[in-house]
Amino acid sequence: MNEQRMPPDQIKVITSKAAEQLFRRNYVGARKLYETLLRDNQTDVVAMTGLGKALEGMGNFSYAVKAFRSAIAISPNAFDAIHHLGRLLLNSNRADKAIAFLKSAVDSGQGSHAAWTDLGIAQKLVGDFDAARDSLDRAIKLKPESIEARFNLAACLREIGLVDDARSLLENIIKTDPEFGGAPNLLASIHSDLNEPDQAMSVLNNYLAAHPNDVESRQNGSLIQLRSGRVAEGFDTYEWRLSPNQRSVPVRPFTQKFWRGEQLDGEHLLIWLEQGLGDEILSLSILKDVLEKAPHCSIECDHRLLEIVARSFPTVTPIGRQDPPASETDRADYTLPVWSAARLFRRSWDQFPQHSGYLKADDAGVSAIRKRYEEKAKGRRLVGLSWSSGSRGGRLKTPPLEYWRAILEDPENFFVGLQYAPQQQDIDILSQLSEAGFYMDPTIDTQNDLESAAAQIGALDAVVSISNSTAHLAGALGKPIAIVIPEGYGSFWYWHRDHDQSPWYPSMRICRQNSPGDWPSAISKARSWLKTG
């Protein structure tokens, strides 16, 4: 005998109660009600979708995905389940996977403003800014007051260079909803891109007056101050990156006392490096100042830096970063993240020392590589070239390949590729553009073997690079280098503004675009530097 199902009126009542529990964010209660409905009818698409929403609210994401997929299997046109599955993938940092579901949701003809907004956000995250702009425009037409859609549209407009339109949208959002913290932060960043630090800080300070503990705004303010050269204020504010509420900077789980810069005689200090290989290399420039106060010192760093740190700072104990931290870190009496050391020792421009390189490559490796390259160069100057960045935002730092012709066509230079993880098609194009030769050394892994990468740079006469870890390594080795960087958006704080000499790397010439997107002007500066340097 078949089990008797609930009467339709009872199903309607339970469905309504479950929806109310979802609205009230009582996800456990909603889940129980939807499971009751599904025990009665496993093909109830509304209940299966509701169960997915409840599970998502509880943080059971893998089970939520299964529920949404089950709802779609029951009804392939289940718009709500398709949309929520796409949004769940989006919120799980799988924007590329989310797009197909979100497109299906909006293509069904039932596309809500929320689905169009989510699709636009996913497209923005994968770098398809034109498509994102179109999706977000559609979302705004469906719901003109949607702040989320307008904010993400402003972010897209910034990416494609429509700064005035982005600024106007953000100013309107701030007037409409002063509590929406993303808008002041993005507007301040745009002012910073335009070299308007006072306006940028005014926007942030207005928001911080009502939200003094907003970590994102504090961190953003610190980077704006540093970028504009206000190093004392910038590094002071940068301490907010260590707040328990922040999510962008991984904080190491050390429990030792925090070092404040006092003289340490017998005690041991552990410095830990932060935030990516390029930043780690840059921050090692502060180590000499640290060692004058704390001669007994360990450095926790990327494993790729261990050998070069040991050679360059023979009194320091380098420790490879791992999770949990290596047992050697326990011997320290004090600890300090390296950018907090900058707060102690880089409070004005005159505290940036002149140096000829604080990292040292292996001399034997340098000599061997130099000998090989000189045979290929036939008397020409050896110049290294790094042309691409794979990091987030790398497209903003990477000129189109054809623009490098202005440098590569000089017959006096023999060019050696320093690019980590290069694409073969890039190598082929650059080889065609080069007048005197372009060589990629197959024996050197510049991405994973920093010892050979440093020796390769050490063997050259000069380097031209975009903003990436290769540029940092060349500057830290004291090698003459021209760095080609964007103007405004895409230029990191440590290249500062209004400078063509780097305070961090005295051997570096900064070749900045004359205006945003003007790569020929930046590369022309690097070419002139090569001819006169």
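Residues numbered from 1 in each chain as written. Predicted model: local features only at pLDDT ≥ 70, side-chain atom pairs only at ≥ 80, totals over all residues. Heavy atoms only, no water.

## Thoughts on the overall build of the protein chain
Line of reasoning, step 1. Across its full length, the protein chain carries 25 helices and 11 strands.
Line of reasoning, step 2. With respect to the principal axes defined by its C-alpha atoms, the protein chain has extents near 90 × 60 × 50 Å.
Line of reasoning, step 3. Expressed as a percentage of its 533 residues, the buried residues of the protein chain come to 53%.
Line of reasoning, step 4. Put simply, 63% of the contacts in the protein chain that link residues at least 6 apart link residues at least 24 apart.
Line of reasoning, step 5. For the protein chain, the computed accessible surface area is about 24700 Å², with 48% contributed by carbon and sulfur atoms.
Line of reasoning, step 6. Of the charged side chains in the protein chain, 60 are positive and 67 negative; the average position of the first set lies 2 Å away from that of the second. (Helix = DSSP H or I, 4+ residues; strand = E, 2+ residues; numbered from the N terminus. Buried < 20%, exposed > 50% of the residue type's maximum accessible area, 1.4 Å probe, protein only. Contact = heavy atoms within 4.5 Å. Areas by Shrake-Rupley, 256 points an atom, 1.4 Å probe, with all protein chains shown as cover. Lys, Arg positive; Asp, Glu negative; His and termini not counted. Charge placed at Lys NZ, Arg CZ, Asp CG, Glu CD.)

## As for the pattern of salt bridges
Line of reasoning, step 1. Summed over all chains, the structure comprises 28 salt bridges.
Line of reasoning, step 2. With a closest N to O distance of 2.8 Å, Arg343 and Asp236 form a salt bridge. One end of the pair, Arg343, is in helix H18 (residues 338-345); the other, Asp236, is in helix H14 (residues 231-237), and 107 residues separate them in sequence.
Line of reasoning, step 3. Given a relative accessible area of 32%, Arg343 falls into the partly exposed group.
Line of reasoning, step 4. Linking Asp302 and Arg304 is a salt bridge whose minimum nitrogen-to-oxygen distance equals 3.0 Å.
Line of reasoning, step 5. Exposure remark for Arg304: the relative accessible area of 28% places this residue in the partly exposed category.
Line of reasoning, step 6. Where salt bridges share partners, they join Arg158, Asp193 and Arg227 into one cluster. (Salt bridge = Lys/Arg side-chain N within 4 Å of Asp/Glu carboxyl O.)

## Digging into the pairing of strand S2 (residues 269-272)
Line of reasoning, step 1. Covered by surrounding structure in S2 are Leu269 and Ile271 together with Leu270 and Trp272, the residues of both alternating faces.
Line of reasoning, step 2. Here S2 pairs with strand S3 (residues 297-301) via 4 bridges, running parallel. Its bridge partner lying in S3, Trp272 is registered against Glu300.
Line of reasoning, step 3. Two strands pair when backbone bridges link them, and S2 and strand S5 (residues 334-337) are joined in this way by 4 bridges, in the parallel orientation. Counterpart to Leu269 in the pairing with S5 is Tyr334. (Pairing = 2+ DSSP bridges.)

## Brief notes about unusual backbone geometry
Line of reasoning, step 1. Of note, the bond from Asp323 into Pro324 is cis; its omega dihedral lies within 30 degrees of zero at -5°.
Line of reasoning, step 2. With respect to the helices, strands and loops of the structure, Pro324 is situated in the loop between strand S4 (317-320) and S5.
Line of reasoning, step 3. For Ala421, which is not glycine, the phi dihedral falls at a positive 50°.
Line of reasoning, step 4. Among the structural elements, Ala421 can be located in the loop between strand S7 (413-417) and helix H22 (424-433).
Line of reasoning, step 5. Positioned with a positive phi, His496 is a non-glycine residue whose angle comes to about 55°.
Line of reasoning, step 6. Looking at where His496 falls in the secondary structure, it is placed in the loop between strand S10 (481-485) and strand S11 (508-512).
Line of reasoning, step 7. Classification of His496 by relative accessible area gives buried; the value is 0%.

## Some thoughts on the environment of Asn77
Line of reasoning, step 1. With respect to the secondary-structure elements, Asn77 resides in the loop between helix H4 (61-74) and helix H5 (79-91).
Line of reasoning, step 2. Counting along the chain gives 65 residues from Asn77 to Lys12, while the straight-line C-alpha distance between them is 22 Å.

## Here we look at the packing of aromatic side chains
Line of reasoning, step 1. Throughout the structure, instances matching the rule amount to 15 aromatic pairs.
Line of reasoning, step 2. With 6.4 Å between their ring centres and 35° between their planes, Trp259 and Phe345 make a pair best called tilted. Of this pair, Trp259 sits in the loop between strand S1 (257-258) and S2 while Phe345 sits in helix H18, and the two are 86 residues apart along the sequence.
Line of reasoning, step 3. A relative accessible area of 1% means that Trp259 is categorised as buried.
Line of reasoning, step 4. Take Phe345: its relative accessible area is 14%, and that puts it in the buried class.
Line of reasoning, step 5. Aromatic side chains Trp339 and Trp504 sit 5.8 Å apart centroid to centroid with 85° between the ring planes, which places their arrangement in the edge-to-face category. Taken together, the positions of Trp339 in helix H18 and Trp504 in the loop between S10 and S11 put the pair 165 residues apart, joining distant regions of the chain. (Phe/Tyr/Trp six-rings, centres within 6.5 Å; stacked < 30°, edge-to-face > 60°.)

## Describing a negative patch on the surface
Line of reasoning, step 1. The grouping of Glu307, Asp362, Asp363, Asp445 and Asp449 at the surface amounts to a negative patch.
Line of reasoning, step 2. With respect to the helices and strands, Asp445 occurs in the loop between strand S8 (438-439) and helix H23 (450-458).
Line of reasoning, step 3. Classification of Asp445 by relative accessible area gives partly exposed; the value is 35%. (Patch = residues over 30% accessible without salt bridge, like charges linked within 9 Å, V, L, I, M, F, W, Y side chains within 5 Å.)

## Overview of the sheet that holds S2
Line of reasoning, step 1. Strand order in the open sheet formed by 5 strands is S1-S5-S2-S3-S4, and the pairing between neighbours is parallel. The open sheet has two edge strands with one neighbour each: S1 and S4.
Line of reasoning, step 2. When S3 meets S4, the two strands line up parallel, connected through 4 bridges. Note that in S4 the partner of Cys301 across the bridge is Gly320.

## Considerations on the side chain of Arg158
Line of reasoning, step 1. Along the chain, Arg158 falls in helix H9 (residues 147-159).
Line of reasoning, step 2. Since its relative accessible area comes to 14%, Arg158 is described here as buried.

## Quick word on H4
Line of reasoning, step 1. Taking 1.5 Å per residue as the helical rise, H4 with its 14 residues ought to reach 20 Å, and the 20 Å between its terminal C-alpha atoms agrees with that figure.
Line of reasoning, step 2. Residues of H4 that are buried in the fold lie against helix H3 (45-58) and H5. (Expected span 1.5 Å × (residues − 1).)

## Remarks on the environment of Gly320
Line of reasoning, step 1. In this structure, Gly320 sits in strand S4.
Line of reasoning, step 2. Once the C-alpha coordinates of Gly320 and Leu305 are considered, the two residues, 15 residues apart in sequence, prove to be 8.2 Å apart.
Line of reasoning, step 3. In this structure Gly320 touches Glu300, Cys301, His303 and Leu306, once residues within four positions along its chain are discounted.

Just geometry here; none of it tells us what the structure is for.
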